[in-house]
Amino acid sequence: MTSQDLSRRRRFAILAGLFLFALAIRLVGLDFGYLLGDERVNFAAKVLAGQVVPDQHFYPPLFNYLGAVALVVLYGVGEVVGWWSGLAGFRDQYFDDPTVFYLALRVMTSLFAAAIAPLFYLVARCMGFEPRRAFIVGLFGAVTPITVYLSHIAKSDVPLAMSMVLCVWLLLRRLQDGPRRDFWLGAGLILGVSFKQSFVFFAFPLLMMHLFHVVRDEGWVSWGRSVLRMLLVGMPLWAVCNIGIILDLANFVTYQKIQTVMSVRVGEGMGESLVLWFTMLSDNVIGITWVMAAAFLGFPVLWALRPGSAPRYLPQLWLVAFVAVALVVWIARLRQPEGLWIGFFTVVQLVVALGLVALLRDRLRIVGVIACVAAFSLSGLGMATIWRQSLAPAMMPDVAGYVANTYAGARIFSGVDLGLPVAAEARVEEQDRISRLAAKYDVTLPEQAAPDHAAPEDGLFIRQAPSVMFGLEAASDADLRGIVQPHAWPLQPEEWVLRDWRKSGFEVFVVSNLAYLVNETPSPVFRAFYGELAASCAIARVFPAAKPLYLERDITVLTCPPI
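A brief look at the structure comes next. As the structure is a computational prediction, the values presented were derived from the model and not from experiment.

If you tally the helices and strands in the protein chain, you get 24 helices and five strands. For the protein chain, the spread of C-alpha atoms along the principal axes amounts to about 80 × 50 × 45 Å. Of all 563 residues assigned to the protein chain, the portion counted as buried reaches 50%. Within the protein chain, contacts between residues at least 6 apart in sequence are counted, and of these 77% link residues at least 24 apart. Surface summary for the protein chain: the accessible area is close to 25000 Å², and the carbon and sulfur share equals 64%. The distance from the centre of the 45 positive side-chain charges to the centre of the 43 negative ones in the protein chain is 14 Å.

Shown next as structure tokens:
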């Protein structure tokens, strides 16, 4: 066996080891007990039924298509081990207990997240790090807290983060190997934008780095040809990955207008927004730890004081990350959910990991060692928090049992899905509301596949709190004139009059996160409704949240005297 063969085997072993380690720590607690509303397993299932155009176009459809592939794999595995027999059994399982279906998509999400670790290693090797130090960089990719946490939620956020790191590696390969890498870089960019639109805020500064180096080293003509080659592979690939958009372009544009209303904030302060960004960045769970966050802001000062101390390309990658973050903060302001940041935080983690490991061969080695040990320790604490919450029993069975046993004959207003059988009359009222809103906004409701068995006729009289799309709590009909889509309704003020609910016989109110709704929500309508509820009704029971990372919040059950 030649030395080259040994080198290849060693490289494969390192990449495989990083991937398997990263995957193992993400599979812990993958089944945290329930399905989150943003995990659109039904979209992937509809792809298998031939529906490539999604019911909603908030995000590109590629994740749905990959989810369909995961379900095909699941079907094959289930046939072999005897979970079901044939497609009919597969379908029945989906309606009886969809747990294994959303777990399949979460495993797929975790595979994308695990790929970040070997990509960190490959980036480090591209920048001249020897295998041992590149392996440390890879470990930083494996333990990035936010990617461990969001691996448990089947959304396109994690594949987006992987795509960003992939594009960094592909750009470095392009700058080192020349034009023959243009096609791969073009494919990587299209992959990223096909997972989530926010990728463009990263792609813009990354392509500016591409322009700077290619023009400087090869000239403008070569840069133009490079862009053309990227387009030649990118445009056909985009069409394949986004066929659902092409077939329904008008609705896609409409949903982007809704997304703009949800996401773009104009009147909120930039200073507060930056503080919120840094608070999230420095968190041990939804960020990358305060050590890595501080190092990200401190490295430019260090490099300025010690010119030539940074590895080649690292200052430019820092600038790419900084510009991307600044663009997002400027647009989103105070609306910064964790999923918005995962890709950008992962790139920041990569830049800082490269900088810290570079210090290990510098005269500031002791600083690098201390920072690396501290960052790994804090990441470990963050992962322990994630595992503890994901493995804790869910609170909803206790809440549902209490409500069912205590208020079986009452009319119940619930802000959470209790998972209890609902009386036929209440189901009819809820469907009438949806139909009324569809008629009001002149939209066609999507078809819903019905289970083979009918819903039980008996049950509790439970009405869900009138649904409002997250991000549209403060939006009005005027804000969304002409662009309202099914189930993306703006808030209907007339539905949020407490006296009307109480006059209709509702005496029990189940509320999640009451303190937030009374004091912090951006919606004045919500604040008025829940403020009056808290002031005029008695608290019967409070259930503390066990899994706040997984959207559990303290649940308060209130009882109101009849009017």
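So, on to the nonpolar core. With 125 residues, the main nonpolar core has Met127, Phe140, Tyr149, Phe202, Trp341, Leu354 and Leu356 as its most contacted residues. Considering every element that reaches this core, the biggest residue donor is helix H18 (residues 338-359), with 16 residues.

Next up on the list: the environment of alanine 294. Looking at the element boundaries, alanine 294 is found in helix H16 (residues 290-305). For the pair alanine 294 and methionine 127, spaced 167 residues apart in sequence, the C-alpha separation works out to 23 Å.

So, on to the packing of aromatic side chains. Scanning all chains against the criterion turns up 35 aromatic pairs. Geometry around phenylalanine 129 places arginine 361 over its ring, the cationic atom sitting 4.6 Å from the centre. Its guanidinium or amino end placed over the ring of tyrosine 402, arginine 541 lies 5.1 Å from that ring's centre, counting from NZ or CZ.

Before going further, it helps to examine the sheet that holds strand E4 (residues 538-543). Taken in spatial order, the five strands make up an open sheet running E2-E1-E3-E5-E4, and their pairing is mixed. Edge positions in the sheet fall to strand E2 (461-464) and E4, since each has one partner strand and no second. Strand after strand, the sheet turns through a mean of 20° between neighbouring axes, direction not considered. Looking at chain direction, strand E3 (residues 506-512) and strand E5 (residues 555-559) are connected through five bridges and run antiparallel. Bridge assignment links valine 508 to a residue of E5, and that residue is threonine 559. Against the sheet, helix H20 (residues 396-406) touches strand E1 (411-414), E3, E4 and E5, its axis set at about 145° to E4. In the packing of helix H21 (residues 424-440) onto the sheet, the strands contacted are E1 and E2, and the crossing angle to E2 comes to about 20°.

At a minimum axis distance of 9 Å, the contact between H16 and H18 shows a crossing angle of 65°. Pair H16 / H18 crosses with left-handed handedness. Of the residues in H18, those touching H16 at Met292, Ala295, Phe296, Phe299 and Leu302 are Val348, Gln349, Val352, Ala353, Gly355, Leu356 and Leu359. Here the residues of the contact of H16 with H18 sort into 10 nonpolar, two polar and no charged.

All told, the structure shown has two cavities of 30 Å³ or more when counted by the stated rule. There is about 40 Å³ of room inside the largest cavity. In terms of lining, the largest cavity is formed by Arg174, Leu175, His213, Val214, Asp217, Glu218, Arg312 and Tyr313. What lines the second largest cavity is Val168, Phe202, Leu317, Val320, Val347, Leu350 and Val351. Breaking the lining of the second largest cavity down by element, the ones donating at least two residues are helix H17 (314-332) and H18.

Right, let's talk about the state of the cysteines for a bit. If you walk through the whole model with that rule in mind, you get one disulfide. Between the sulfur of cysteine 537 and that of cysteine 560 lies a disulfide, 2.0 Å long from S to S. Here the disulfide of cysteine 537 and cysteine 560 is right-handed, its torsion about the S-S bond being about 105°. One end of the pair, cysteine 537, is in the loop between helix H24 (524-536) and E4; the other, cysteine 560, is in the segment after E5, with 23 residues separating them in the sequence. With respect to burial, cysteine 537 and cysteine 560 carry one shared label: buried. Sulfur of cysteine 126: no disulfide; nearest cysteine sulfur belongs to cysteine 167 and is 13 Å away. Judged by relative accessible area, which is 13%, cysteine 126 ranks as buried.

With 16 residues, H16 should cover 22 Å at 1.5 Å per step; its first-to-last C-alpha distance of 23 Å lies within 8% of that length. The largest bend along H16 measures about 40° and falls at glycine 298, with the proline proline 300 one to four residues further on. Those residues of H16 not exposed but buried are Val291, Met292, Ala293, Ala295, Phe296, Phe299, Leu302 and Trp303. The elements touched by buried residues of H16 are helix H7 (131-142), helix H15 (270-281), H17, H18 and helix H19 (365-391).

Here the second largest pocket defines a volume of roughly 280 Å³. Along its surface, the second largest pocket is lined by 14 residues, and Ser7, Arg11, Tyr121, Arg125 and Pro131 are the ones closest to its centre. For the lining of the second largest pocket, the elements supplying multiple residues, two or more each, are helix H1 (3-27), helix H6 (116-126) and helix H9 (157-177).

Here the focus is the environment of aspartate 248. In this structure, aspartate 248 sits in the loop between helix H13 (243-246) and helix H14 (249-263). C-alpha separation for the pair aspartate 248 and leucine 317, spaced 69 residues apart in sequence, amounts to 37 Å. Every residue in contact with aspartate 248, bar those within four places of it in the chain, is listed here: Val53 and His57.

Calculation notes
- Residues numbered from 1 in each chain as written.
- Predicted model: local features only at pLDDT ≥ 70, side-chain atom pairs only at ≥ 80, totals over all residues.
- Heavy atoms only, no water.
- Helix = DSSP H or I, 4+ residues; strand = E, 2+ residues; numbered from the N terminus.
- Buried < 20%, exposed > 50% of the residue type's maximum accessible area, 1.4 Å probe, protein only.
- Contact = heavy atoms within 4.5 Å.
- Areas by Shrake-Rupley, 256 points an atom, 1.4 Å probe, with all protein chains shown as cover.
- Lys, Arg positive; Asp, Glu negative; His and termini not counted.
- Charge placed at Lys NZ, Arg CZ, Asp CG, Glu CD.
- Core = buried A, V, L, I, M, F, W, Y, C linked by side-chain atoms within 4.5 Å.
- Phe/Tyr/Trp six-rings, centres within 6.5 Å; stacked < 30°, edge-to-face > 60°.
- Lys NZ or Arg CZ within 6 Å of the ring centre and 35° of its normal.
- Pairing = 2+ DSSP bridges.
- Axes fitted to C-alpha atoms, helices over the stretch in contact; angles between N-to-C directions.
- Left-handed = near helix turned anticlockwise from the far one by under 90°.
- Nonpolar A, V, L, I, M, F, W, Y, C, P; charged D, E, K, R; others polar.
- 1 Å grid on protein atoms, 1.4 Å probe; cavity = no way out; pocket = protein on both sides within 12 Å on 5 of 7 lines; lining within 4 Å.
- Points joined across faces, edges and corners; volume = space filled by probe spheres on them.
- Disulfide = S-S within 2.5 Å.
- Expected span 1.5 Å × (residues − 1).
- Bend = angle between axes of the 7 residues up to and from the residue.

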